Amino acid sequence: MSKKRNQRLGIFNLENSAPIELVKKSEEKAKAVDNGPAIMLDVSLFNTGNNRINARTAFLICKEQMRLSNIRPQTIKEYEYNYNRFIETMQIDYLDEINLEVLYRFLDSLGDVSDVTMQSKVRKLKAILNRFHDNGWINRRFWKDLKIKVDTKVKLPANENNLSILLSLLDM
């Protein structure tokens, strides 16, 4: 066998390796179900009458999709915390109960928090709602117009005295 340029060797050399078994054993399937929802779940199984999807079930499916998309576990935990707080505070059972008015009431229920905190919570809720929309569970992106303005403090420029002090400290 001649060695070609850019030829992969080592673990990529499958010429003399044992065949790879692609079928899972029944024990592995049972173990996968115990760890959380499988992505292969049919969403129509969770629909109740009138095409209503349970809010918690929808998030479990999205959570599994995020895990399979290699989103950081800490990010998923933050999404889960904010989403659970949202549906518990607003007493939401089904996805069709979420609308712009409910989002505004949730932000109002946060009380006296900084604009940055509110903006962070909105960003996380929007990310989850976007996933619901991508899965076809929400028809219209009503949340896209919801924006939280954050006032940024303007820093004053340094004067000559501050610059000379800084330069003298650097010259040590």
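Please read these numbers as outputs of a predicted model, since none were measured by experiment.

Next up on the list: the side chain of Lys-121. For Lys-121, the location among the structural elements is in helix H5 (residues 115-134). Excluding residues that lie within four positions of it along the chain, Lys-121 makes contacts with Tyr-81, Asn-82, Arg-85 and Leu-110.

Ranked by size, the top nonpolar core spans 33 residues in total, and within it Tyr-83, Phe-86, Leu-95 and Phe-132 carry the most contacts. For this core, the elements supplying multiple residues, two or more each, are helix H2 (55-68), helix H3 (73-89), helix H4 (100-109) and H5. Beyond its immediate chain neighbours, meaning those up to four positions away, Leu-95 contacts Ile-53, Ala-55, Ala-58, Tyr-83, Phe-132 and Trp-137.

With that settled, consider the packing of aromatic side chains. Following the criterion strictly, the structure yields 5 aromatic pairs and no others. With a centroid separation of 5.2 Å and an interplanar angle of 85°, the aromatic rings of Phe-86 and Phe-106 are classed as edge-to-face. With a gap of 20 residues between them, Phe-86 in helix H3 and Phe-106 in helix H4 connect regions that are remote in the sequence. The pair Phe-86 / Phe-106 is uniform in exposure class, with both members buried. Ring centres 5.7 Å apart and planes at 50° place the aromatic pair Phe-132 and Trp-137 in the tilted group. There is no split in this pair, since Phe-132 and Trp-137 are both buried. Members of the aromatic cluster, connected to one another through ring pairs, are Phe-59, Tyr-83, Phe-132 and Trp-137.

By volume, the second largest pocket amounts to about 230 Å³. Grouping the amino acids of the lining of the second largest pocket by side-chain chemistry returns 6 nonpolar, 4 polar and 3 charged.

Okay, a positive patch on the surface next. Taken together, the side chains of Arg-140, Lys-144, Lys-147 and Lys-149 make up a positively charged region of the molecular surface. Its location among the elements puts Arg-140 in the loop between H5 and helix H6 (160-170). Given the relative accessible area of 59%, Arg-140 is considered exposed.

How each quantity is defined
Residues numbered from 1 in each chain as written. Predicted model: local features only at pLDDT ≥ 70, side-chain atom pairs only at ≥ 80, totals over all residues. Heavy atoms only, no water. Helix = DSSP H or I, 4+ residues; strand = E, 2+ residues; numbered from the N terminus. Contact = heavy atoms within 4.5 Å. Core = buried A, V, L, I, M, F, W, Y, C linked by side-chain atoms within 4.5 Å. Buried < 20%, exposed > 50% of the residue type's maximum accessible area, 1.4 Å probe, protein only. Phe/Tyr/Trp six-rings, centres within 6.5 Å; stacked < 30°, edge-to-face > 60°. 1 Å grid on protein atoms, 1.4 Å probe; cavity = no way out; pocket = protein on both sides within 12 Å on 5 of 7 lines; lining within 4 Å. Points joined across faces, edges and corners; volume = space filled by probe spheres on them. Nonpolar A, V, L, I, M, F, W, Y, C, P; charged D, E, K, R; others polar. Patch = residues over 30% accessible without salt bridge, like charges linked within 9 Å, V, L, I, M, F, W, Y side chains within 5 Å. Areas by Shrake-Rupley, 256 points an atom, 1.4 Å probe, with all protein chains shown as cover. Salt bridge = Lys/Arg side-chain N within 4 Å of Asp/Glu carboxyl O. Lys, Arg positive; Asp, Glu negative; His and termini not counted. Charge placed at Lys NZ, Arg CZ, Asp CG, Glu CD.

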